[in-house]
Amino acid sequence: MNSLKDKVALITGSSRGIGKAIAIELAKQGANIMIHGFNESSTFLETVDEIKSYGVKVGYISGDLSKKKCMEKIYTETVNQLGDIDIFVANASMQIEAPNWLDSTQDEFIDQMLANVWSTIYFSKMIIPKMKEKKWGRILTIGSVQQEKPHYEMIPYAVSKSAQMNFVKNLAKIVAKDNILVNNIAPGLIDTDRNKERMANKMSLNELLSGIPLGRAAMPEEVAKLAAFLCSDNASYITGSNFFIDGGASL
Ligand code: NAP
């Protein structure tokens, strides 16, 4: 089960939610983990302790992914604390809702594009040279069912997720010869803090569930198992692909 022993994984937004679940799955496979969150909250520090209990090396750092200096610091700290990065999971995202799409602003659009797309590109630029030397690497992005299925209440967010998928396809072709695999997971409704309010309201929960053939939300661990598979050697012939994990919501 230790197929990722001594690999170094940086997972953005891993202080909670899907990112945390992915960090745990990768730690179970023996990878050393860099935990990242926007703030160094008590939840963040609890996650760090929890991952340590799997007996792997754990580093941690906070920072805003829409800021270039923060991204550079996250990269440098990861390498200093744990070594060169073998697995990069671009999980964190900024999601700004505008129930009337005409209210979307340029600043909100730019912030989401920076945090959700440019950060993936910029981290990849920093990380890939060392992956190339090792002839092994995994870049996994977390998209959304909305990258394909329209959602009129968060158009700029959906646009950013589509753009990220486009980057995945381009990058996959460029780095395939170096045995660096690049894939995307597109979750549907996952039971995380992000959906807490919506899921606590019976009416909005029923509305959400009515669009999901399996009739339920998924737990973050269900996404994490797919992520861990894609980061492992078992996924050695998969690149440039998108995987919906959405209970059929994209159908
Ligand atoms: P979450 O519970 O809201 O956690 C988000 C994580 O990202 C936290 O660690 C947060 O840090 C960090 N973060 C947020 N904005 C950031 C920024 N600008 N810079 C740095 N870090 C930032 O999210 P989640 O539900 O697990 O979602 C994870 C990924 O799955 C996201 O890409 C999301 O778009 C995607 N997704 C989720 C769902 C869903 O139903 N949950 C569905 C489709 C796609 P703090 O803890 O410090 O705030």
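You'll find the structure just up there.
In this text the structure is predicted, and so the values were computed from the model without any measurement.

**Here's the deal with the site of the ligand**
Logical step 1: Neighbouring the ligand are 29 residues; S15, R16, N91, Y157 and T192 lie closest to it.
Logical step 2: S93 places a polar side-chain atom, nitrogen or oxygen, 2.7 Å from an oxygen atom of the ligand.
Logical step 3: In the model, an oxygen atom of the ligand is placed 2.5 Å from a nitrogen or oxygen of the Y157 side chain.
Logical step 4: Surface burial for the ligand is 92%, taken as the share of its 910 Å² of free accessible area covered by protein chains.
Logical step 5: Under a 2 Å grid-point criterion requiring more than half of the atoms, the pocket assigned to the ligand is the largest pocket.
Logical step 6: Where the shell around the ligand is concerned, the elements lending two or more residues are helix 1 (17-28), strand 2 (32-37) and helix 5 (155-175).
Logical step 7: Its residues assigned to classes, the shell around the ligand comprises 10 nonpolar, 15 polar and 4 charged.

**Some points on the packing of helix 1 against helix 8 (residues 220-231)**
Logical step 1: It is the contact of helix 1 with helix 8, at a shortest axis distance of 8 Å, that shows an interaxial angle of 50°. Relative to helix 8, helix 1 is oriented oblique. For the pair helix 1 and helix 8, the crossing hand works out as right-handed. Seen from helix 1, the contacting residues are G17, I18, A21, I22, E25 and L26; seen from helix 8, they are P220, E221, V223, A224, K225, A227, A228 and C231.

**Focus: the pairing of strand 4 (residues 87-90)**
Logical step 1: Of the two faces of strand 4, the one lined by I87 and V89 and the one lined by F88 and A90 are each fully buried.
Logical step 2: Two strands pair when backbone bridges link them, and strand 4 and strand 5 (residues 137-142) are joined in this way by 4 bridges, in the parallel orientation. Pairing of A90 across the sheet is with T141, part of strand 5.
Logical step 3: With respect to chirality, the unit in which strand 4 leads through helix 4 (residues 106-134) into the neighbouring parallel strand 5 is right-handed.

**A word on the nonpolar core**
Logical step 1: L26, I33, I51, V89 and I185 are the most contacted members of the largest nonpolar core, which totals 35 residues.
Logical step 2: Among the secondary structure elements, those contributing two or more residues to this core are strand 1 (8-11), helix 1, strand 2, helix 2 (42-52), strand 4, strand 5 and helix 8.
Logical step 3: Excluding its chain neighbours within four sequence positions, the residues that come into contact with V89 are L10, I11, T12, I22, L26, L140, I142 and C231.
Logical step 4: Counting 27 residues, the second-largest nonpolar core is a separate cluster that includes L10, I127, L171 and V175.

**Description of unusual backbone geometry**
Logical step 1: Residues other than glycine seldom take positive phi values, yet D6 does so here, at roughly 70°.
Logical step 2: Look at K135: it is not a glycine, yet its phi comes out positive at around 55°.

**Observations concerning the layout of surface pockets**
Logical step 1: By volume, the largest pocket amounts to about 1,600 Å³.
Logical step 2: In this structure, the largest pocket is lined by 50 residues; those nearest its centre are Q95, Y157, R194, N195 and R198.
Logical step 3: Every element with two or more residues in the lining of the largest pocket is listed here: helix 1, strand 2, helix 5 and helix 7 (202-210).
Logical step 4: For the lining of the largest pocket, the class distribution of residues is 18 nonpolar, 22 polar and 10 charged.
Logical step 5: Size it by volume and the second largest pocket reaches roughly 160 Å³.
Logical step 6: Around the second largest pocket, the lining residues are S15, R16, G17, K20, A21, I24, T43, D191, T192, D193, P220 and E221.
Logical step 7: Broken down by secondary-structure element, the contributors of at least two residues to the lining of the second largest pocket are helix 1 and helix 8.
Logical step 8: For the lining of the second largest pocket, the element with the highest residue contribution is helix 1, accounting for 4 residues.
Logical step 9: Counted by class, the lining of the second largest pocket contains 3 nonpolar, 4 polar and 5 charged residues.

Definitions and cut-offs
Residues numbered from 1 in each chain as written. Predicted model: local features only at pLDDT ≥ 70, side-chain atom pairs only at ≥ 80, totals over all residues. Heavy atoms only, no water. Near = heavy atom within 4 Å. Polar contact = N/O pair within 3.5 Å; in protein donor to acceptor, adjacent residues only side chain to side chain. Areas by Shrake-Rupley, 256 points an atom, 1.4 Å probe, with all protein chains shown as cover. 1 Å grid on protein atoms, 1.4 Å probe; cavity = no way out; pocket = protein on both sides within 12 Å on 5 of 7 lines; lining within 4 Å. Sits in = over half its atoms within 2 Å of the grid points. Helix = DSSP H or I, 4+ residues; strand = E, 2+ residues; numbered from the N terminus. Nonpolar A, V, L, I, M, F, W, Y, C, P; charged D, E, K, R; others polar. Axes fitted to C-alpha atoms, helices over the stretch in contact; angles between N-to-C directions. Parallel < 35°, antiparallel > 145°, perpendicular 65-115°, else oblique. Left-handed = near helix turned anticlockwise from the far one by under 90°. Contact = heavy atoms within 4.5 Å. Buried < 20%, exposed > 50% of the residue type's maximum accessible area, 1.4 Å probe, protein only. Pairing = 2+ DSSP bridges. Right-handed = clockwise from strand over helix to strand, strands pointing away. Core = buried A, V, L, I, M, F, W, Y, C linked by side-chain atoms within 4.5 Å. Points joined across faces, edges and corners; volume = space filled by probe spheres on them.

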